[in-house]
Amino acid sequence: MAKTYTIAIDGPAGAGKSTIARALAKELGYYYVDTGAIYRTVAYFLDLLGISPKDVDGVERYLDELTIQIEYDETGKQHMLMNGMDVTDDIRTPDISQKASLVSAHAMVRHMLLDMQRAVAKKHNVIMDGRDIGTVVLPKATVKIFLTASAEVRAKRRMDEFAAKGQKVAFEQVLKDIQQRDHQDSTRPIAPLKQAKDAVLLDTSELDIPGVIAAMKKIIGEKIPL
Ligand code: DC
């Protein structure tokens, strides 16, 4: 089998991981795997059932009834199927962001999703983004990048994303949500958000999107012929 290249991008919420990873994947002809969307699908499923993400027994009881599939449309966009239903857009709300963060702390949930993530990387060249890709999911990734930015910059970017969708949200609220998720994601006992020892740190606070892409290509180009 031909050698596959894997690029792991980790970092806190709103650091620009998915925007950048999607653009790079398109340019390089790689699969893009947004792993946060998988956790969001779990959170959305449990939410529909009225199960709190903090209810350990409830979460464990209903996980068996959930089948998740990742599909890609002709534009390369990742779609999330929850028991066959496309929930790609439904999982993008502030409420589901928080619930995904809480549900992702469960050992059983992380275990269930691990193989699914690794299976894609076995077959294809991938750019995968998340919180634990370089540390847990793909510890042997060809390139690891830890993408970050100040909480204020990340909140501003999130606000602009909401504005682009016609949704008005208060800056203070977005900042608070981001800080709360940062705390939850980086202090959980299993697979917390943290920079892998061999990851390159890239702070994007002062960079625009083309600037981040250029910096990423420089880092990637040191390990993978572009
Ligand atoms: O990347 P995102 O904001 O869509 O992720 C939503 C939540 O899912 C995030 O707050 C924590 C969790 N997550 C995780 O625990 N591990 C990953 N690899 C990706 C996301």
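Relevant structure appears above.
What comes next is a walk through the structure. This one's a predicted model, so the numbers in the text were calculated from it and none came from an experiment. (Residues numbered from 1 in each chain as written. Predicted model: local features only at pLDDT ≥ 70, side-chain atom pairs only at ≥ 80, totals over all residues. Heavy atoms only, no water.)

## Considerations on the pattern of salt bridges
The line we're drawing: The working definition used for a salt bridge is a side-chain nitrogen of Lys or Arg within 4 Å of a carboxyl oxygen of Asp or Glu.
What the rule picks out here adds up to twelve salt bridges. Shared partners join several salt bridges into a network, and the residues in it are D47, D95 and K99.

## Quick word on the environment of E222
For clarity, the threshold we go by: Secondary structure counts use DSSP, requiring at least four H or I residues in a row for a helix and at least two E residues in a row for a strand, with both numbered from the N terminus. Three exposure classes are used, based on accessible area relative to the maximum for each residue type with a 1.4 Å probe and protein chains only: buried under 20%, partly exposed in between, and exposed over 50%.
By the element assignment, E222 lies in the segment after α9 (209–221). Given a relative accessible area of 65%, E222 falls into the exposed group. C-alpha separation for the pair E222 and M159, spaced 63 residues apart in sequence, amounts to 34 Å.

## Here we look at unusual backbone geometry
At N83, a position not held by glycine, the phi torsion is positive, near 45°. With respect to the helices, strands and loops of the structure, N83 is situated in the loop between β4 (78–82) and β5 (85–86). The exposure class of N83 is partly exposed, given its relative accessible area of 41%. The phi torsion at A191 lies on the positive side, around 45°, for a residue other than glycine. The residue A191 is located in the loop between α8 (171–187) and β8 (200–203) in this model.

## Topic: the environment of L63
This is how it is decided: Contacts are assigned to residue pairs that have any heavy atoms within 4.5 Å of one another.
Among the secondary structure elements, L63 is positioned in helix α3 (residues 56–63). As a C-alpha pair, L63 and K123 span 60 residues in sequence and 26 Å in three-dimensional space. In this structure L63 touches V42, M108, V109 and M112, once residues within four positions along its chain are discounted.

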